[in-house]
Each structure stands twice: as structure tokens, then as C-alpha cells.
Amino acid sequence: MVKESHMGDTDEDNWVLQSRNGDPAAFEALIRTHQRMIHSLTFRMTGSMEDAEDLAQEAFIRAYRQLDSYQGTAKFSSWLYRIAVNTCLNWRQREMRREQVHANWAESNDALRSEPEPPTGENALGREVQLALMKLPAKQRAAIVLTVYDGHNHAEAAKILSCSETTVSWRVFAARRKLKRRLSSKGGRYE
């Protein structure tokens, strides 16, 4: 149950309460308020517009189903971020398993593998950064996305990721080191 003392009289708090009472328009208002933020997060976690849209939708569906578990002790956006991050991490695990099955099948059938052509033009550096980001372990990628791209401080990111600030700091440090190494080996610059 919501701890009323931790929730204010904001529209968002009212929408949460109304959503719990079965008002679909109130949950639509929550979606409209947070849709851009969640879609941006899912895109940075996946690198794919199509997957990002699917995962953002899945995160909102999960949030709706878990609305009764929202305690009101943290901001609704932080609670929703945690759901979206976990949705992306679960997706990444499924994708890795699927890719492994495909790789095993291709190996066993002597399928030819071709490397994609390197990107050229104006978007080459952005594409290289996105590719390097996608090669990071999922938890390091989540820490970088939350702190660098989405502007959360380490304490906020720790709450969203359900870990300590020290863990977030370590993940960001390790991710930056890996990104720098990958991008400098490609001739790009990372600062």
C-alpha cells in the first residue's frame, strides 16, 4: 500500500492513486509523462529503435501490473526506471542466449559469416560509440546510460539499479575504460 506521508499532492501522485483504482486515463497520463525518458533509456540499452519501442512498451506493461508494489518512498520515475532497466537486462540475457543458439547452429552447418561494412559519413563516430556501448556487459552499459546519457548521479543510479553507489562508480569506471580502449583502437576519440 502507498505510504501517503511520502507522496505529495502532485498530478503524478494522483495519477498513481487513480491508476490503482482502475482509471486507465490516469495510467495513460503517467505513460505520456515518462514515455520519452523510458524510450530513450531502452534505445541506449539496445541500440535498436524497434527493440527500444518494444521494451518501453513492455516496461510500462510491467509497471501497470506491479503498480500495487510501488511504495511511494521514492520518486515514481525512479521506480519506473528500475523496471525499464530490469526489462532491458532481461532482454539482453534472452538475446545473448538466442545469439548463442544461432552461432552454434551456424558453426555446425558451416555457414559463412561476413563482417558488416564499416560505417562511413557523418554518423560514423556516433555509430562506433553505439557499437562500443553495445559490447559492454549489460550492467556496465546500464550504469553508463544512467549516469552519462540520462544525467543521474551515482546515488540515483544506485537506487535504480538496486546496488551500492560504489558498485555504480566501479561499473562506470570499468565501462569508460573499455569504451576508451575500443574507440581508440578504431581510430575514434573518447574523452
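**Q** I keep staring at the overall build of the protein chain and nothing clicks. Help me out?
**A** Across its full length, the protein chain holds eight helices and zero strands. When the helices and strands of the protein chain are placed in sequence order, the string is α-α-α-α-α-α-α-α. Counting every position in the protein chain, which comprises 191 residues, the buried fraction comes to 37%. When contacts within the protein chain are restricted to residue pairs at least 6 apart in sequence, those whose partners lie at least 24 apart make up 60%. For the protein chain, the accessible surface area stands at approximately 11900 Å², while carbon and sulfur atoms represent 50% of it.

**Q** In this structure, what is going on with the pattern of salt bridges? I would like to understand it.
**A** One side chain can pair with another of opposite charge once the charged atoms of both are near each other. Scanning the entire structure with this criterion turns up three salt bridges. Note that R20 is salt-bridged to D68, the shortest N-O span being 3.9 Å. Pair noted here: R20 is in helix 1 (residues 11-20) and D68 is in the loop between helix 3 (49-65) and helix 4 (76-108), with a separation of 48 residues, a long-range link. We classify D68 as exposed; its relative accessible area is 56%. The partner of D150 in a salt bridge is R44, with the nearest N and O atoms 2.4 Å apart.

**Q** I keep staring at helix 1 and nothing clicks. Help me out?
**A** Helical periodicity: at 3.6 residues per turn, an α-helix aligns residues three or four positions apart in one direction. If you check which residues of helix 1 are buried, you get E12, D13, V16, S19 and R20. Down the axis, helix 1 shows its buried residues gathered within 125° of arc, on one side only. Directly beyond the C-terminal end of helix 1, a positive phi value near 90° is found at G22.

Conventions used here
- Residues numbered from 1 in each chain as written.
- Predicted model: local features only at pLDDT ≥ 70, side-chain atom pairs only at ≥ 80, totals over all residues.
- Heavy atoms only, no water.
- Helix = DSSP H or I, 4+ residues; strand = E, 2+ residues; numbered from the N terminus.
- Buried < 20%, exposed > 50% of the residue type's maximum accessible area, 1.4 Å probe, protein only.
- Contact = heavy atoms within 4.5 Å.
- Areas by Shrake-Rupley, 256 points an atom, 1.4 Å probe, with all protein chains shown as cover.
- Salt bridge = Lys/Arg side-chain N within 4 Å of Asp/Glu carboxyl O.
- Arc of directions from axis to C-beta.

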